[in-house]
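Now for the letters of each chain:
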Amino acid sequence: MTDNIATELTPLDPAFVTTTRIATAIGLLPFVIGAGVLEVAQAAPPGSFIVPMLLFYAFVAFTVPARKYRHWGYDMGTDRLRIVRGYMFYRDTIVPFGRIQHIDVDQGPIDRRYGLATLTVHTAGNHNSKVALPGLANADALAMREAIRAAIRQESL
């Protein structure tokens, strides 16, 4: 992201880094267990499975979530929601409120523990008909949902 774009975007809640680290660590756990099993089975010289796996585990679980957090942002205008994400593969999505069919606010158990939610807007059409914005404080996600509903209601009158 360039500096002038980053300044006009609202960042995600900082707890998003923690929840992403936990979810990533849980997702990679079977690979660490598999590497441990291969170590115990002595399928190769000692450390040839578990050491690279633990290094990869630490890198992915601690570095990637912070980088992901830095490269997400959003801007909610009076008639649209703009979501920007990505570093190497940059995506800037603008969802006009007039195209929104319905809005979801989702929370998993990890998000609920840290007070976060994901705002998902479903639009008419096929391409990008579902746009998700994770890492919002639950109260912010609910307020955004209500603001979008009010704007849609105002537009339809």
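Residues numbered from 1 in each chain as written. Predicted model: local features only at pLDDT ≥ 70, side-chain atom pairs only at ≥ 80, totals over all residues. Heavy atoms only, no water.

One broad rule of soluble globular proteins: the nonpolar side chains tend to lie buried together. Grouped together as the largest cluster of nonpolar side chains are 25 residues, with contacts concentrated most on Leu-12, Leu-133 and Leu-136. Formed by 7 residues, the second largest nonpolar core is a distinct cluster that contains Leu-28, Ala-35, Met-53 and Tyr-57. (Core = buried A, V, L, I, M, F, W, Y, C linked by side-chain atoms within 4.5 Å. Buried < 20%, exposed > 50% of the residue type's maximum accessible area, 1.4 Å probe, protein only.)

Let us now look at the confidence of the model for the protein. Here the protein shows a mean pLDDT of 90. Residues at 70 or above account for 94%. This stretch, residues 1–7, has a pLDDT under 50; its non-local contacts, to residues over four places away or in other chains, come to 8 contacts. (pLDDT = per-residue confidence, 0-100. Contact = heavy atoms within 4.5 Å.)

Read across the sheet, 3 strands follow the order E1-E2-E3 without closing on themselves; strand pairing throughout is antiparallel. Each edge of the open sheet carries a strand with a single partner, namely strand E1 (72–76) and strand E3 (91–96). Between one strand and the next, the sheet's axes are offset by a mean angle of 10 degrees, whatever the strand orientation. Where E1 and strand E2 (residues 80–85) come together, 5 bridges link them in antiparallel fashion. Bridging from a neighbouring strand, Tyr-74 pairs with Ile-83 of E2. (Pairing = 2+ DSSP bridges. Helix = DSSP H or I, 4+ residues; strand = E, 2+ residues; numbered from the N terminus. Axes fitted to C-alpha atoms, helices over the stretch in contact; angles between N-to-C directions.)

So, on to the pattern of salt bridges. Within this structure, the stated rule accounts for 5 salt bridges. A salt bridge links Arg-80 to Asp-75, with the shortest nitrogen-to-oxygen separation between them at 3.2 Å. Residue Asp-75 is classed as partly exposed on the basis of its relative accessible area of 22%. Its salt-bridge partner being Arg-82, residue Asp-92 comes within 2.8 Å of it at the nearest N-O pair. Linking Asp-92 in strand E3 with Arg-82 in strand E2, this pair joins segments that are 10 residues apart in sequence. With a relative accessible area of 35%, Asp-92 lands in the partly exposed category. (Salt bridge = Lys/Arg side-chain N within 4 Å of Asp/Glu carboxyl O.)

The 3 strands lie next to each other as E4-E5-E6, forming an open sheet whose pairing is antiparallel. If you trace the sheet from one side to the other, it starts and ends with strand E4 (100–106) and strand E6 (130–137), each paired once. Averaged over neighbouring strand pairs, the angle between their axes works out to 20 degrees when direction is ignored. Bridge analysis of E4 against strand E5 (residues 116–123) gives 6 bridges, and the strand direction is antiparallel. When the bridges of E5 are listed, Asp-106 appears paired with Thr-118. Helix H6 (residues 138–156) contacts E4, E5 and E6 of the sheet and is inclined by roughly 165 degrees relative to E4.

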